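Spelled out from the first residue to the last, the chains are:
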Amino acid sequence: MSDLSGRTVLITGGSRGIGRATALHLASLGARVVVTGRTVEALEAVAAQTEGLAVRMDLADRAQTASAIAEVQERAGHIDCLINNAGIAVGAPLHRTTDEVWDRIQQINVHGTMAMCRAFVPAMAKAGWGRVVNVSSLAGLTGQAYTSAYCASKHAVIGLVRALAMEYARTGVTINAVCPGWVETDMAREAIDRIAQSTGRSADHARATLEGASPQGRMVEAEEVAALIGTLCGEASRGIHGQAIPVDGGTVMR
Ligand code: NAP
C-alpha cells in the first residue's frame, strides 16, 4: 500500500462516484485531501469524512475555475498529487452531436484537465516530486458508437498525458491516465436509463449489455479505480510514466 502521509492531493469531481471513492481511499493512505466540484453539500460531506478541504469549482466556467484554483492555492498550499477525475458523458449519434454538446464535453473533460495541469504541475516540477493521474476511459483507447464527443475527449486526455509525460520526464513528476470500463456510478446508471429509453428495452437488459462488454461480465467498482490511483500516487510507482492503464475486467488487452 502507498504511504501518502505528508502529501496533499487534489481530486476534481470529488463529490461522488470515482472521485469520492478516490478521496476516501487516498485519505486512508494518509493524504490530506482537497475535493472540488459543483455540489457544495456533497463536497463538504466528503471533506468532513476525510478531514479535508472542499472548494467549489465549475469546470464549465473558465473564470470561475480560475478563481477556484486561486482559492485552492491559497487555502491548501502546495499540491503534491493532482487527480483529474471530473468528467461528463453525453450519448448521441453523430447527427445529434450539436456544437453545444461537443463544446461542453471538450470544455469540462479536456480543457478542465489541461487547466488543472497548467495550474499545478509546474510547482510539482519545481519541488522535484509530483503525481498526476487523469481519469480517461476505455473510450480513450477504443472507438465506441454514439459517443463521438466523449470518445474524442477521452482520447485527448491520453494525448495530453503522453505530451506532458515527455515534457516533465526528468522532473520527478509522473503523469498517467487510468482507463475504466463501465463503473457503478451515476454516469453508468444514466447510460443504462438512456439505452433503455432509446431501445425500448428494460433497464435490466441495458445493464446486462454493459456488463457483458467485459470478459468478467461485470461493472468495475469505483473503489477499484481508486485503488489503482492510490498505487500510481505511491513512491514505488515512480517508473510508471506516460501510461494509459485500463481497469476494465479485461475488455481491452494490449
Ligand atoms: P459521476 O458519478 O457522474 O461523477 C462525475 C463527477 O464530475 C462528479 O463529482 C461531478 O461533481 C463532477 N463534475 C461534473 N461536471 C462538472 C463540472 N462542470 N465542473 C466540475 N466538476 C464536475 O461520474 P463517475 O463515473 O464518477 O466519473 C468520473 C470520471 O470517470 C469521469 O471523468 C468519467 O468520464 C470517467 N469514467 C467513468 C466511467 C463510468 O462507467 N462511470 C467509465 C470510464 C470513465 P458535481 O456534480 O458536484 O459538479
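In this text, all values refer to a predicted model and were calculated from it rather than measured experimentally.

The rules behind the values
- Residues numbered from 1 in each chain as written.
- Predicted model: local features only at pLDDT ≥ 70, side-chain atom pairs only at ≥ 80, totals over all residues.
- Heavy atoms only, no water.
- Helix = DSSP H or I, 4+ residues; strand = E, 2+ residues; numbered from the N terminus.
- Rg over C-alpha atoms; globule rule 2.2 N^0.38 Å.
- Areas by Shrake-Rupley, 256 points an atom, 1.4 Å probe, with all protein chains shown as cover.
- Lys, Arg positive; Asp, Glu negative; His and termini not counted.
- Charge placed at Lys NZ, Arg CZ, Asp CG, Glu CD.
- Buried < 20%, exposed > 50% of the residue type's maximum accessible area, 1.4 Å probe, protein only.
- Pairing = 2+ DSSP bridges.
- Right-handed = clockwise from strand over helix to strand, strands pointing away.
- Core = buried A, V, L, I, M, F, W, Y, C linked by side-chain atoms within 4.5 Å.
- Contact = heavy atoms within 4.5 Å.
- Axes fitted to C-alpha atoms, helices over the stretch in contact; angles between N-to-C directions.
- Salt bridge = Lys/Arg side-chain N within 4 Å of Asp/Glu carboxyl O.

A. Here's a closer look at the overall build of the protein. Tallying secondary structure elements over the protein gives eight helices and seven strands in all. The C-alpha radius of gyration computed for the protein amounts to 17 Å, which stays within 12% of the reference 18 Å derived for 254 residues, consistent with globular compactness. Across its three principal axes, the protein shows a C-alpha extent of roughly 55 × 35 × 35 Å. Within the structure as shown, the protein displays about 11700 Å² of accessible surface, and the carbon and sulfur contribution to it stands at 52%. Across the protein, the centroid of the 23 positively charged side chains sits 5 Å from that of the 24 negatively charged ones.

B. The arrangement of the pairing of strand β2 (residues 32–37) in detail. In terms of burial, β2 is largely enclosed, as five of its six residues are buried. Bridge count for strand β1 (residues 8–12) against β2 is five bridges, and the pairing is parallel. Bridging across to β2, Thr 8 finds its partner in Arg 32. The handedness of the β1 to β2 crossover, carried by helix α1 (residues 17–28), is right-handed. The sheet contact formed by β2 and strand β3 (residues 53–56) spans four bridges and is parallel. Across the sheet, Val 35 pairs through a bridge with Ala 54, a residue of β3. Between β2 and its parallel partner β3, the chain crosses via helix α2 (residues 40–50), and the hand of that crossover is right-handed.

C. Structural context of the nonpolar core. Within the largest apolar cluster, 36 residues are counted, with the highest numbers of intra-cluster contacts made by Val 72 and Phe 120. Mapped by element, the contributors of at least two residues to this core are β3, α3 (62–76), α4 (99–127), α5 (148–167) and β6 (173–180). Discounting residues that sit within four places of it in the chain, Val 72 has contacts with Leu 10, Val 34, Thr 36, Val 55, Met 57, Gly 77, Ile 79 and Phe 120. Formed by 31 residues, the second largest nonpolar core is a distinct cluster that contains Ile 18, Ala 47, Val 178 and Leu 228.

D. Seen up close, the sheet that holds strand β5 (residues 130–135). The sheet built from seven strands is open, its strands ordered β3-β2-β1-β4-β5-β6-β7 with parallel pairing. If you trace the sheet from one side to the other, it starts and ends with β3 and β7 (244–247), each paired once. Across the sheet, the axes of successive neighbouring strands diverge by a mean angle of 20 degrees, strand direction being ignored. Pairing between β6 and β7: four bridges, direction parallel. Residue pairing in the sheet places Val 178 in a bridge with Ile 245 of β7. Running at roughly 170 degrees to β1, α1 makes contact with β1, β2, β4 (81–84) and β6 of the sheet.

E. A look at the pattern of salt bridges. Under the counting rule described, the total for this entry stands at eight salt bridges. One salt bridge in this structure joins Arg 207 and Glu 184, with 2.7 Å as the shortest N-O distance. On the criterion of sequence distance, the pair formed by Arg 207 in helix α7 (residues 203–212) and Glu 184 in the loop between β6 and α6 (186–199) is long-range, its members being 23 residues apart. Note that Arg 207 and Glu 211 form a salt bridge whose closest N and O atoms lie 3.5 Å from each other. Remark: Glu 211 and Arg 207 occur in helix α7; sequence separation between them is four residues, near one turn of the helix. Here the salt bridges do not stand alone but share partners, grouping Arg 16, Glu 184, Asp 186, Arg 189, Arg 207 and Glu 211 into one network.

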